[in-house]
Amino acid sequence: MLETSSRLLALLALMQSRPEWPGSELAERLNVTGRTVRNDVDRLRELGYPVEAVRGPAGHYRLGAGAKLPPLLLDDEEAVAVAIGLRAGRGVAGIEDSATRALAKLQQVLPHRLRRQVTALHQAMAEGPSNTDGNVPDPVVGATVLAAIAAAIRDSALLRFDYPAPARPDDAPRRNDASAPFGDWPVLVEPYRLVSWERHWYLVARGPETGAWHTYRVDWLTLRMATGRRFPPTPLPGGDYPAFVLRDVATAGWKVHASITVFASAEDVLARINPTVGVVEAVDESTSVLLTGADSLELIAVYIGMLGLDFHVTEPPALVEHLRVLGERYARAVN
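The rules we used
Residues numbered from 1 in each chain as written. Predicted model: local features only at pLDDT ≥ 70, side-chain atom pairs only at ≥ 80, totals over all residues. Heavy atoms only, no water. Helix = DSSP H or I, 4+ residues; strand = E, 2+ residues; numbered from the N terminus. Contact = heavy atoms within 4.5 Å. Areas by Shrake-Rupley, 256 points an atom, 1.4 Å probe, with all protein chains shown as cover. Pairing = 2+ DSSP bridges. Axes fitted to C-alpha atoms, helices over the stretch in contact; angles between N-to-C directions. Phe/Tyr/Trp six-rings, centres within 6.5 Å; stacked < 30°, edge-to-face > 60°. Buried < 20%, exposed > 50% of the residue type's maximum accessible area, 1.4 Å probe, protein only.

Asker: Hey, could you run me through the overall build of the protein chain in this one?
Answerer: When helices and strands are tallied, the protein chain shows 11 helices and 13 strands. The contacts in the protein chain between residues at least 6 apart in sequence include a share of 61% that link residues at least 24 apart. About 19500 Å² of surface is accessible on the protein chain, with carbon and sulfur atoms providing 55% of the total.

Asker: Which parts of the structure should I look at to understand the sheet that holds strand β12 (residues 287–294)?
Answerer: By way of backbone hydrogen bonds, the strands of a sheet pair with one another, either parallel or antiparallel. If you trace the 4 strands from one edge of the open sheet to the other, you get β11-β12-β10-β13, paired in antiparallel fashion. In this open sheet, the two edge strands, each paired with only one partner strand, are β11 (278–284) and β13 (311–315). With direction set aside, neighbouring strand axes in the sheet form an average angle of 25°. Bridge count between β11 and β12: 6 bridges; the pairing is antiparallel. Note on β12: the bridge partner recorded for Glu281 is Val289. Strands β10 (256–262), β12 and β13 of the sheet are contacted by helix α10 (residues 297–307), whose axis makes an angle of about 145° with β12. On top of the sheet, helix α11 (residues 317–334) reaches β10 and β13; it is set at about 135° to β13, its chief contact.

Asker: I tried to follow the packing of aromatic side chains on my own but got confused; where do I start?
Answerer: Pairs of aromatic rings are described using the distance from one ring centre to the other and the angle between the two planes. On inspection of all chains with the given rule, the structure shows 7 aromatic pairs. Between the aromatic rings of Phe161 and Tyr216, the centroid separation amounts to 5.3 Å while the plane-to-plane angle is 80°, which identifies the pairing as edge-to-face. With Phe161 in strand β5 (residues 159–162) and Tyr216 in strand β8 (residues 213–217), this residue pair connects regions lying 55 residues apart in the sequence. Considering the side-chain rings of Tyr163 and Tyr216, the 5.1 Å spacing of their centres and the 80° angle between planes classify their relative orientation as edge-to-face. One end of the pair, Tyr163, is in the loop between β5 and β6 (186–197); the other, Tyr216, is in strand β8, and 53 residues separate them in sequence.

Asker: Before we go on, may I ask you to explain the sheet that holds strand β9 (residues 222–223) in this structure?
Answerer: As summarised here, the arrangement of the 5 strands in space is β8-β7-β6-β5-β9, forming an open sheet in which the pairing is antiparallel. Either end of the sheet is taken by a strand with one partner, and the two such strands are β8 and β9. Looking at chain direction, β6 and strand β7 (residues 200–206) are connected through 7 bridges and run antiparallel. Paired with Trp197 across the strands is His200, a residue of β7. The strands touched by helix α7 (residues 143–155) within the sheet are β5, β6, β7 and β9, with β6 carrying the most contacts at an inclination of about 105°.

Asker: Please explain the pairing of β5 as it appears in this structure.
Answerer: Remark: a regular strand shows side chains that alternate across the two faces of the sheet. Along β5, the buried face is formed by Leu159 and Phe161; none of Arg160 and Asp162, which line the opposite face, is buried. Pairing analysis gives 4 bridges linking β5 to β6, with the strands arranged antiparallel. Looking at β6, one finds that Arg160 is bridged to Leu188.

This is the structure:
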């Protein structure tokens, strides 16, 4: 049988590993009697741990939320995973210093065998470039911004923010929709889900007046003061928020948007692209229009070239000019 101090630590570790524990199961895990478990629970409460007890046939103990963070007891695999995760975390601005401090504290209290293991992993690992598919730096989002949006989603609170997103080619009819993701005015939305994809954060939200669903890039928005106004949630039809983002981002989630006439059927174009690259609209049996975008003209030119089909571009003018220069450069390369 464990000594009292060791047993208390083991009890605390068990209670941190899952939300609810029947007293009989705790007694079996610790190899003690039910009375000893009750006494140890009382000792934890005296030490400031808010252990709650639920009586009845489904009775159990659970560790409640306290006024301060209790010691976090991790097993060997958990400790190593947390250490590696803190070192490897990327993409959220504002937490680099906090992650460094947390990692230093964790390594300081790791047993010698685990500290050697974590150090060996860090020394043996090297990270390649995180962004190898474009010429635009990855956007970073402040942790406080993500936390504020997540809180609004949790509380079903209307969210207001500035969103100076670039207009897309077919944007004109939507300029009067104050919940649409275009324009330089404050946007008021019902926030529902944060989605992380391709090193970007997106917010899926619904216009409270129009009922229209939109995707917003979190690195483009600037939060305004909290509204304090609640709304009755209306789940996204189908409930698949990541799939909605992948569809919507093609026409609403890039700095540059383009409408490209492709001299091939819509079926042929769709067979050659990832659905997240753009939206394909049929014109006739041998012509279609590809609505696509990217964060730079160079990336759009790459997407078009990878189609392997004849095409014609009339907008935006900057893309037309870029393709002209690119065509001349390619021609010189083979002359």
